[in-house]
Amino acid sequence: MLRTIFRVGILLFLLSISFFNSELSAQKKKLTYKQVYKFAEPRLTGMLPRIQGWLDENYYLEIKTDPAKPDSKTTLVKVNAADGKSELFIDYSSVELPEGFSLYSAAVTTKDYSRFLFNQKNDLYYFNLKENTFKRLTNNDEEEKNPKFSPDGKKIAFTR
């Protein structure tokens, strides 16, 4: 009985060694410098989704770009959490802002992404996407900090 257990143990040991050797020999490909440090193809890992947060109880917002195309347009899509279907929410490339401003660099947005605040050179700027209006809110040398929208998105608070 002891001899049988010993033989089964040796057999399992030999099988496991042969299994791990075959696994190791299948992975003898070396990584290149560009793969490791420059994110070259074939990639080691995929990109994580850039989730912006929840839009409401059913949808979340995700920024989408094509990493293979450096000049591809960036969009904000709303994704149905139940079935994964997505639809365009904002096409960032179609929004025209004055030079030096980008929707990416907004300091604060309203929950529905219809209004944006920018803090640039110690001044606050406001952009309303639905009305396509852009205006400067402050114009002084003192720094405005902690800009916030009111819950309804119609008022702005900050500290100076």
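Residues numbered from 1 in each chain as written. Predicted model: local features only at pLDDT ≥ 70, side-chain atom pairs only at ≥ 80, totals over all residues. Heavy atoms only, no water.

What about the overall build of the protein chain?
Argument step 1. Summing up its helical and strand segments, the protein chain has two helices and 10 strands in all.
Argument step 2. Ordering the α and β elements of the protein chain from the N terminus gives α-α-β-β-β-β-β-β-β-β-β-β.
Argument step 3. Here the protein chain holds 160 residues, and the buried ones make up 25% of them.
Argument step 4. Contacts spanning at least 24 positions in sequence make up 19% of the contacts within the protein chain whose residues lie at least 6 apart.
Argument step 5. In the structure as shown, the protein chain presents an accessible area of about 12600 Å², 54% of it carried by carbon and sulfur atoms. (Helix = DSSP H or I, 4+ residues; strand = E, 2+ residues; numbered from the N terminus. Buried < 20%, exposed > 50% of the residue type's maximum accessible area, 1.4 Å probe, protein only. Contact = heavy atoms within 4.5 Å. Areas by Shrake-Rupley, 256 points an atom, 1.4 Å probe, with all protein chains shown as cover.)

Topic: the sheet that holds strand β8 (residues 133-136)
Argument step 1. Strand order in the open sheet formed by four strands is β5-β6-β7-β8, with antiparallel pairing between adjacent strands. A strand with exactly one partner marks an edge of an open sheet, and here the two such strands are β5 (108-109) and β8.
Argument step 2. Bridge analysis of β5 against strand β6 (residues 115-120) gives two bridges, and the strand direction is antiparallel. Its bridge partner lying in β6, Thr109 is registered against Phe116. (Pairing = 2+ DSSP bridges.)

A short note on the pattern of salt bridges
Argument step 1. Going through the model one piece at a time under the given rule, you end up with five salt bridges.
Argument step 2. Residue Glu62 is joined to Lys64 by a salt bridge in which the shortest nitrogen-to-oxygen separation is 4.0 Å.
Argument step 3. Using a relative accessible area of 10% as the deciding quantity, one classes Glu62 as buried.
Argument step 4. Asp112 serves as the salt-bridge partner of Lys130, at 3.8 Å between the closest nitrogen and oxygen. Linking Lys130 in the loop between β7 (123-128) and β8 with Asp112 in the loop between β5 and β6, this pair joins segments that are 18 residues apart in sequence.
Argument step 5. The exposure class assigned to Asp112 is partly exposed, which follows from its relative accessible area of 34%. (Salt bridge = Lys/Arg side-chain N within 4 Å of Asp/Glu carboxyl O.)

What about the nonpolar core?
Side chains of a nonpolar character, in soluble globular proteins, are inclined to be buried together.
Argument step 1. Grouped together as the largest cluster of nonpolar side chains are 16 residues, with contacts concentrated most on Leu76, Ile90, Leu97, Leu103, Phe116, Phe118 and Phe127.
Argument step 2. Secondary structure elements with two or more residues in this core: β2 (59-64), β6 and β7.
Argument step 3. Non-local contacts of Phe116, meaning those with residues more than four positions away in its chain, are made with Ile90, Leu103, Ala106, Val108, Thr109, Tyr125, Tyr126, Phe127, Leu129 and Phe149. (Core = buried A, V, L, I, M, F, W, Y, C linked by side-chain atoms within 4.5 Å.)

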